[in-house]
Amino acid sequence: MSEFSGEKIFDLKSAKRFIGLKSVSYKEYLAARHLFNGNFLHQGAILMNTSLEKALKVYLLVNDVNIDLAKHNTVKLFKLLEKTNAKIVTALNRDFLKILSKIYLSRYYEKLETGYNFVILKNQFLAELDYTFSYLDELTKFRMGRDKNFPDSKYNRDKAEQLDVLVENNYIISNISKEQYLAQPEYVYEFRIAPNYEIIEVLYKTQNTYEPSKFIHEALKILPDNHSVQLSQNKNSS
């Protein structure tokens, strides 16, 4: 689906900002995919946030929305998008952007309080990233100078050329349903700051026992004995 419906002429500064945001957003999207396929899920999720943050800003910039106050907060950008075009937000998962924004805070551990936690499901996050980026990419196009035609985006050109880092584990490009893609065994990464400020991290493989559209789970819940934790998939680990 494309909402492309008109043209806007930018001054030089705004044009450079638009092109920079769109270009770097795509590069960070590819980097996030590369990290996820290598099971660096925490680091990949941080790049997912910055990629989609820029992709959202591209659309808002075209619609003359002040994006500076939102900084790197995808939730704030989502709310600005909701005010700008309510139709578009219905196609996006608010909780996915919310959890990415939360994970982004973990870049600096000293700012995290005890109890801070999150869960990343590899296939689920990757599928939602691929869908969200492809959707947002189609909303804006650009051409330079006196060109009459709008060239394909870098994303579409790389898709046509079957770029490895873009194609790997991409259910959209593989032309399979999301349900079929998510039916495979899932890698799960859980993170929590314990009461003594110790970092607890667990990476494990499981069969799918989660809701595909749900992205917010409690990770490594500390049990009453204070020596054990419960994984989000209802398994116990001591």
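For the structure, see preceding data.
In what follows, the accompanying structure is described. (Residues numbered from 1 in each chain as written. Predicted model: local features only at pLDDT ≥ 70, side-chain atom pairs only at ≥ 80, totals over all residues. Heavy atoms only, no water.)

### Concerning the overall build of the protein chain
Right, so step 1: The number of helices and strands found in the protein chain is 9 helices and 6 strands.
Right, so step 2: Taking all 238 residues of the protein chain together, the buried fraction comes to 45%.
Right, so step 3: Considering only contacts in the protein chain between residues 6 or more positions apart, those separated by 24 or more positions represent 65%.
Right, so step 4: Accessible surface, the protein chain as shown: approximately 12,800 Å² in total, 51% of it carbon and sulfur. (Helix = DSSP H or I, 4+ residues; strand = E, 2+ residues; numbered from the N terminus. Buried < 20%, exposed > 50% of the residue type's maximum accessible area, 1.4 Å probe, protein only. Contact = heavy atoms within 4.5 Å. Areas by Shrake-Rupley, 256 points an atom, 1.4 Å probe, with all protein chains shown as cover.)

### Some words on the packing of aromatic side chains
Right, so step 1: Tallying each qualifying case throughout the model produces 17 aromatic pairs.
Right, so step 2: The interplanar angle of 85° and the centroid separation of 6.3 Å between the aromatic rings of Tyr 26 and Tyr 155 together place this pair among those described as edge-to-face. In this pair, Tyr 26 sits in helix H1 (residues 12–37) while Tyr 155 sits in helix H7 (residues 154–160), placing the two residues 129 residues apart along the sequence.
Right, so step 3: Residue classification places Tyr 26 among the buried residues on the basis of a relative accessible area of 6%.
Right, so step 4: For Tyr 155, a relative accessible area of 2% gives the class buried.
Right, so step 5: Taking 5.8 Å as the distance between ring centres and 50° as the angle between the ring planes, the aromatic pair formed by Tyr 109 and Phe 191 counts as tilted. Note that Tyr 109 is positioned in the loop between helix H5 (94–104) and strand S1 (117–121) and Phe 191 in strand S2 (residues 186–193), a separation of 82 residues in sequence.
Right, so step 6: Residue classification places Tyr 109 among the partly exposed positions, given a relative accessible area of 36%. (Phe/Tyr/Trp six-rings, centres within 6.5 Å; stacked < 30°, edge-to-face > 60°.)

### Quick word on the sheet that holds S1
Right, so step 1: Sheet architecture is open: 3 strands sit in the order S1-S2-S3, paired in antiparallel fashion. Edge positions in the sheet fall to S1 and strand S3 (199–206), since each of these pairs with one other strand and no more. Looking at each pair of strands side by side, their axes are set apart by 10° on average, direction ignored.
Right, so step 2: Of the strand pairs in this sheet, S1 and S2 are connected by 5 bridges, and their pairing is antiparallel. Paired with Phe 118 across the strands is Phe 191, a residue of S2. (Pairing = 2+ DSSP bridges. Axes fitted to C-alpha atoms, helices over the stretch in contact; angles between N-to-C directions.)

### Structural notes on the nonpolar core
Right, so step 1: The biggest cluster of nonpolar side chains holds 65 residues, and the ones touching the most others in it are Met 48, Ile 120 and Phe 125.
Right, so step 2: At 11 residues, helix H2 (residues 41–62) tops the list of elements feeding residues into this core. (Core = buried A, V, L, I, M, F, W, Y, C linked by side-chain atoms within 4.5 Å.)

### Examining unusual backbone geometry
Right, so step 1: The backbone of Gln 162 shows a phi angle near 60°, a positive value even though the residue is not glycine.
Right, so step 2: If you trace the backbone, Gln 162 turns up in the loop between H7 and helix H8 (164–167).
Right, so step 3: The class for Gln 162 is partly exposed, based on a relative accessible area of 42%.
Right, so step 4: If you check the backbone angles, Tyr 197 has positive phi at about 70° while not being a glycine.
Right, so step 5: Topologically, Tyr 197 is positioned in the loop between S2 and S3.
Right, so step 6: Taking relative accessible area as the criterion, Tyr 197 reaches 52% and is therefore assigned exposed.

### Looking at the environment of Ser 101
Right, so step 1: In this structure, Ser 101 sits in helix H5.
Right, so step 2: Considering only alpha carbons, one finds Ser 101 and Ile 46, 55 residues apart in sequence, at a separation of 8.2 Å.
Right, so step 3: Leaving out residues up to four positions away in the same chain, Ser 101 has contacts with Asn 49, Asn 73, Thr 74 and Val 75.

### Describing the environment of Asn 63
Right, so step 1: With respect to the helices and strands, Asn 63 occurs in the loop between H2 and helix H3 (74–84).
Right, so step 2: When the C-alpha positions of Asn 63 and Leu 81 are compared, they lie 9.7 Å apart, and in sequence the two are 18 residues distant.

### Quick look at the side chain of Glu 190
Right, so step 1: With respect to the helices, strands and loops of the structure, Glu 190 is situated in strand S2.
Right, so step 2: Arg 192 provides the closest opposite charge to the buried, salt-bridge-free Glu 190, at an N-O distance of 7.4 Å.
Right, so step 3: Polar side-chain contacts of Glu 190 include one of 3.0 Å to the backbone nitrogen of Leu 220.
Right, so step 4: In terms of polar contacts, Glu 190 uses its side chain to reach the side chain of Ser 232, at 2.8 Å. (Lys, Arg positive; Asp, Glu negative; His and termini not counted. Salt bridge = Lys/Arg side-chain N within 4 Å of Asp/Glu carboxyl O. Polar contact = N/O pair within 3.5 Å; in protein donor to acceptor, adjacent residues only side chain to side chain.)

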